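Okay, here's what each chain looks like letter by letter:
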Amino acid sequence: MIFKDKFIFSKSGFFFILFLIVFLLFGCVTNPVPQKTFLEKNQSIETPINEVTTPTSKPIPVQNQEIIDNLNNSKSGVQTNNSDLLNQTNVSISSKKNSLEKYLLSFHACDKSQTDCNDPRNHKVYIAQSTDGANWKLLPNYVPYSGSVPDLIVRENILYVYTPGVLRRYQIDNDVWETPLNVQMTNSIGANELFADPSLILDEEKNLVMFYLVGQIGSDPARCQPYDNSCFKKIRSATEIKGSNGAKFIVDSGDRLEASITEKESASDPDVFSNSGGYTLLLSKGMSIQLSRSTSLRGSYLESSALSKGLLTNNAGGIPSGYYDKENNQYWVFVHTNEDGLSVIKRAVVNNLNVQIPSSAFTPILTGNRIGLGSNYNVESPGFAINED
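Residues numbered from 1 in each chain as written. Predicted model: local features only at pLDDT ≥ 70, side-chain atom pairs only at ≥ 80, totals over all residues. Heavy atoms only, no water.

(A) Fine view of the side chain of His 108. Position of His 108 among the secondary structure elements: in strand 1 (residues 103-111). Of note is the side chain of His 108, whose polar atom sits 3.4 Å from the side chain of His 123. A distance of 3.4 Å separates a polar atom in the side chain of His 108 from a polar atom in the side chain of Ser 148. With residues near it in sequence (within four places) discarded, His 108 still touches His 123, Lys 124, Val 125, Gly 147, Ser 148, Val 149, Pro 150, Asn 378, Val 379, Glu 380 and Ser 381. (Helix = DSSP H or I, 4+ residues; strand = E, 2+ residues; numbered from the N terminus. Polar contact = N/O pair within 3.5 Å; in protein donor to acceptor, adjacent residues only side chain to side chain. Contact = heavy atoms within 4.5 Å.)

Okay, here's the thing in structure tokens:
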């Protein structure tokens, strides 16, 4: 009897222990240790491309809003067979993905036989591509849009195209043009900064950095105010705000360059690019180019002492864009100039920038006729980019 009682106790104890084990296991499964959510663990992740928006509390400038409206509802004056394309939020322009060639060139164009091409509101933005930098063709099925003095840059398979106040992004891998965005630029105290003639470059951390001519209200920002006999035109830079994907910038401290001009002169369209010794800044002084250098991207740029008055060209063309071809240790300099009554884009390839480039060194690479737009088209304001990071 005692043996039986002990047996019964042992058997009951066995089932009790088994029940306890199952209970503990079930509790661990149904009540796991709380974990951070994906978003909690990734608070630093940047805003997705298609979620970047501009502040609703600050109205978009009328001219920029008109450009954006034109892009979104086909009021930009493009061919009618492209109206359905423009009405889409995200637009695919090619049936072949990853089709962009190595070199890209933005520019604006205008049919001078149909409209006043001196008015930037009549300009359209185009993009051409090339395998060698000498022979160019338009992107296939590309739809031009209202805009002037464009510049472009590629980062992580996204093409960013800027005009004053407006950004368009092209997803190269997905072959999609995104909805245009208003660009917001603020200074250190949060006030809006007026800017013109954007030029883009990547810093060492792959942030977009925009060089620009400081704008002015009521008159041409490239010239002195009407009541001034002389003045300084300021070139500044601004760095992309994290998470904005190129839509918002904050002004960097200090000026990159101050260009002295008289009432009859102009200074505009800065273009910055890197080379083996630091950074080069080209500035359009009318139809000539002034060259300045700095060892740091956001440093002060000093006029080249190797060139007379710092002029890389003298009446050989203006609105420059530059590129250092490190493989061949050569420099490419793009300008636009007048030829037979029409604006054309030319390129010079030189071994160094310490000697003034003569007009004879520039060769036409882009004309309205050659690019397929027509014999009455002006093509102006080249912006160069290489299709790689």
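(B) Geometry of the sheet that holds strand 21 (residues 318-325). In spatial order, the strands read 21-22-23-24; together these 4 strands make up an open sheet with antiparallel pairing. For this open sheet the edge positions go to strand 21 and strand 24 (363-366), each flanked by a neighbour on one side alone. If you compare each strand with its neighbour and ignore which way they point, the axes differ by 35° on average. In this sheet, strand 24 lies alongside strand 23 (residues 342-350) in antiparallel orientation, the contact comprising 3 bridges. Bridge pairing in strand 24 places Lys 346 opposite Pro 364. (Pairing = 2+ DSSP bridges. Axes fitted to C-alpha atoms, helices over the stretch in contact; angles between N-to-C directions.)

(C) The arrangement of the pattern of salt bridges in detail. Throughout the structure, instances matching the rule amount to 11 salt bridges. Note that Arg 223 is salt-bridged to Asp 220, the shortest N-O span being 4.0 Å. (Salt bridge = Lys/Arg side-chain N within 4 Å of Asp/Glu carboxyl O.)

(D) Structural context of the layout of surface pockets. Roughly 830 Å³ of volume is contained in the second largest pocket. If you go around the second largest pocket, you meet 32 residues; those closest to its centre are Ile 201, Ser 274, Tyr 323, Ile 386 and Glu 388. By residue class, the composition of the lining of the second largest pocket is 15 nonpolar, 6 polar and 11 charged. (1 Å grid on protein atoms, 1.4 Å probe; cavity = no way out; pocket = protein on both sides within 12 Å on 5 of 7 lines; lining within 4 Å. Points joined across faces, edges and corners; volume = space filled by probe spheres on them. Nonpolar A, V, L, I, M, F, W, Y, C, P; charged D, E, K, R; others polar.)

(E) Local environment of the nonpolar core. Grouped together as the largest cluster of nonpolar side chains are 33 residues, with contacts concentrated most on Phe 107, Trp 136 and Leu 159. At the level of elements, strand 1, strand 2 (124-130), strand 5 (151-155), strand 6 (158-163), strand 22 (330-339), strand 24 and strand 25 (377-386) are the ones that each hand at least two residues to this core. It is strand 1 that provides the largest number of residues to this core, a total of 5 residues. Of all hydrophobic cores here, the second largest spans 19 residues; its members include Ile 153, Leu 200, Leu 202 and Val 251. (Core = buried A, V, L, I, M, F, W, Y, C linked by side-chain atoms within 4.5 Å. Buried < 20%, exposed > 50% of the residue type's maximum accessible area, 1.4 Å probe, protein only.)

(F) Here's a closer look at the pairing of strand 16 (residues 268-275). Within strand 16, 7 of the 8 residues are buried, leaving the element largely enclosed by the surrounding structure. As paired elements, strand 16 and strand 17 (residues 278-285) share 6 bridges and run antiparallel to each other. For Phe 273, the partnering residue across the bridge sits in strand 17 and is Thr 280. What sits between the antiparallel neighbours strand 16 and strand 17 is a turn of 2 residues.

(G) Spotlight on the pairing of strand 5. In terms of burial, strand 5 is a largely internal element, 5 of the 5 residues being buried. By the bridge criterion, 5 bridges tie strand 5 to strand 6 in an arrangement that is antiparallel. Counted as the bridge partner of Leu 152 is Val 161 from strand 6. In sequence, strand 5 turns back onto strand 6 through a hairpin of 2 residues, with Glu 156 there showing a positive phi of about 50°.

(H) Region of the structure containing empty space enclosed by the protein. Within the structure shown, the criterion is met by 3 cavities of 30 Å³ or more. Roughly 100 Å³ of internal volume is contained in the largest cavity. Taken together, 14 residues line the largest cavity, and the ones lying closest to its centre are Pro 150, Pro 198, Pro 270, Pro 320 and Pro 382. Looking at the lining of the largest cavity, the elements with two or more residues in it are strand 11 (195-202), strand 16, strand 21 and strand 25. Class assignment of the residues belonging to the lining of the largest cavity gives a composition of 7 nonpolar, 3 polar and 4 charged.

(I) The packing of aromatic side chains, seen in detail. Tallying each qualifying case throughout the model produces 16 aromatic pairs. Ring plane angle 70° and centroid distance 6.1 Å describe the contact between Tyr 162 and Phe 249, whose orientation is recorded as edge-to-face. Here Tyr 162, found in strand 6, pairs with Phe 249, found in strand 14 (residues 248-251); they are 87 residues apart in sequence, far enough to count as distant. As far as burial versus exposure is concerned, Tyr 162 and Phe 249 are alike and both buried. Above the face of the Tyr 145 ring, Arg 168 is positioned so that its terminal group lies 5.1 Å from the ring centre. Stacked on the ring of Trp 332, the Lys or Arg Arg 347 has its end atom at 4.5 Å from the ring centre. (Phe/Tyr/Trp six-rings, centres within 6.5 Å; stacked < 30°, edge-to-face > 60°. Lys NZ or Arg CZ within 6 Å of the ring centre and 35° of its normal.)

(J) Layout of the state of the cysteines. The full count for this structure, using the stated rule, is 2 disulfides. Across a sulfur-sulfur distance of 2.1 Å, Cys 224 and Cys 231 are joined as a disulfide pair. One disulfide, between Cys 224 and Cys 231, carries an S-S torsion of -95° and so falls in the left-handed class. Note on accessibility: Cys 224 and Cys 231 belong to one class, buried. (Disulfide = S-S within 2.5 Å.)

(K) Geometry of the environment of Leu 167. As for its placement among the helices and strands, Leu 167 is situated in strand 7 (residues 166-171). The buried category is assigned to Leu 167, whose relative accessible area is 1%. As for Leu 167 and Pro 150, which are separated by 17 residues in sequence, their C-alpha atoms are 9.7 Å apart. Apart from the residues within four sequence positions on either side, Leu 167 is in contact with Tyr 160, Val 161, Tyr 162, Pro 180, Leu 181, Val 183, Asn 245, Gly 246 and Ala 247.

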